[in-house]
Amino acid sequence: MSNRRNFIKTSAMATVAVALQSFRSNEEEEPIITSGKINKPIVISTWNFGVKANGAAWEVLKNNGRALDAVEAGVKIPEADPKERSVGYGGRPDRDGRVTLDACIMDEFSNIGSVACLEYIKHPISVARAVMEKTPHVMLVGDGALQFALSQGFPKENLLLEESEKEWKEWLKKSEYSPKANIENHDTIGMIALDSFGNLSGACTTSGMAFKMHGRVGDSPIIGAGLYVDNEIGAATATGHGEEVIRIAGCHLVVELMRQGKSPQKACEEAVSRIVKLTKNRNKNLKDIQVGFIALNKKGEYGAYCVQGGFNYAVNDNSGNKLIDSDYFLK
Ligand code: SD4
């Protein structure tokens, strides 16, 4: 009897081990055979700088790399680019002249990591990943995030460009805070990917709204708001006015709508309609608001929708890398 019990126990453990093995992807494992119906690998990301970022992510994906590595490599491109004035190095400062960055990352096992209001570090996404992989926590902010980053060997750098400083000084003359999310067609980068193993991950990184109050945190580092990944269903990320995205727990909502059977496109549309409704209920003017969502499901189908025109997103799959204008509500 005890032998039988042991046998049952051992074989049950073996079954669990095999199940875990086939769920986990690793370098040696062969990718799941592409069954005509699944469009993988694929990476999608927000705004026109997404094209270049997708290119870096694609290098990882096409070599059967993990979606997590792809999205980190992808968003690091605009983070490092001083010409991109809304992400990482070169990002516009807050109203006190300080560049404070927000980022988060989520993998196929629902591991999450996030940093908010982080100063002096060019690659907040990699700090977010380190929070995920090397701490028992999921989010570090401000000085604590900086101390952690330095302890991990991230270099401390000045992120404020001369041009940004000039703009800020100009802004100080009136000190009017009126965030315009669309204005230069390149804001937060949110990126989601499905790798050749059929696993999803996502990353989101930003300097947030220009000239925000010091300490203001938007949706981008908040799991469920600016980014959400459910490896059984799909992934979503957001750009635009973070306050509005947080109000509806935007990206979690988009993923839950996909769980209910909606296509990525319909899920994004419904999340935007929620924002539209709440804006009306709150007697605010929809014209002052921009939010865009992009979503990807387990089949590699994707979609996007936003409040007003001007938002675009980049898609890279086996058919190439292209920029698509998102459909929108306010026509
Ligand atoms: C934020 N969602 O900090 C970001 C900013 C952004 O397009 O995406 N702008 O609220």
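Residues numbered from 1 in each chain as written. Predicted model: local features only at pLDDT ≥ 70, side-chain atom pairs only at ≥ 80, totals over all residues. Heavy atoms only, no water.

Draft legend 1. Main features of the overall build of the protein. Helix and strand counts for the protein stand at nine helices and 13 strands. Residues counted as buried form 53% of the 331 residues belonging to the protein. Pairs at least 24 residues apart make up 66% of the contacts formed inside the protein by residues separated by at least 6 positions. As presented, the protein carries roughly 15000 Å² of accessible surface, and 53% of it is formed by carbon and sulfur atoms. (Helix = DSSP H or I, 4+ residues; strand = E, 2+ residues; numbered from the N terminus. Buried < 20%, exposed > 50% of the residue type's maximum accessible area, 1.4 Å probe, protein only. Contact = heavy atoms within 4.5 Å. Areas by Shrake-Rupley, 256 points an atom, 1.4 Å probe, with all protein chains shown as cover.)

Draft legend 2. Summary view of the site of the ligand. With respect to spatial proximity, twelve residues lie near the ligand, and among them Asp187, Thr188, Arg216, Asp219 and Gly240 are the closest. Side-chain polar atom of Arg216 to an oxygen atom of the ligand: 2.7 Å apart, as the coordinates give it. For the ligand, an oxygen atom lies 2.9 Å from a polar atom in the side chain of Thr239. Notes on the ligand: free accessible area 290 Å², of which the protein chains cover 99%. Of the residues contributing to the shell around the ligand, the split by class is two nonpolar, seven polar and three charged. (Near = heavy atom within 4 Å. Polar contact = N/O pair within 3.5 Å; in protein donor to acceptor, adjacent residues only side chain to side chain. Nonpolar A, V, L, I, M, F, W, Y, C, P; charged D, E, K, R; others polar.)

Draft legend 3. Broad picture of helix 9 (residues 264-281). A rise of 1.5 Å per residue sets the reference length of helix 9, with its 18 residues, at 26 Å; its end C-alpha atoms lie 26 Å apart and thus fit the reference within 8%. Taken residue by residue, helix 9 has Pro264, Ala267, Cys268, Ala271, Val272, Ile275, Val276 and Thr279 as its buried positions. Contacts made by the buried residues of helix 9 are with helix 7 (242-247), helix 8 (250-259), strand 9 (291-297), strand 10 (302-308) and strand 13 (328-330). (Expected span 1.5 Å × (residues − 1).)

Draft legend 4. Structural view of the state of the cysteines. Applying the stated criterion across every chain yields a total of zero disulfides. Summary of cysteine pairing: Cys306 is not part of a disulfide, and the nearest cysteine sulfur, belonging to Cys268, is at 9.8 Å. (Disulfide = S-S within 2.5 Å.)

Draft legend 5. Highlighting the packing of helix 8 against helix 9. Remark: helix 8 packs on helix 9, axes separated minimally by 9 Å, with the N-to-C direction vectors making an angle of 130 degrees. Looking at the two axes, helix 8 sits oblique to helix 9. Where helix 8 crosses over helix 9, the handedness of that crossing is right-handed. Each of Leu253, Val254, Leu257 and Met258 in helix 8 lies in contact with helix 9, whose residues at this interface are Pro264, Ala267, Cys268, Glu270, Ala271 and Arg274. The class makeup of the residues in the contact of helix 8 with helix 9 is eight nonpolar, no polar and two charged. (Axes fitted to C-alpha atoms, helices over the stretch in contact; angles between N-to-C directions. Parallel < 35°, antiparallel > 145°, perpendicular 65-115°, else oblique. Left-handed = near helix turned anticlockwise from the far one by under 90°.)

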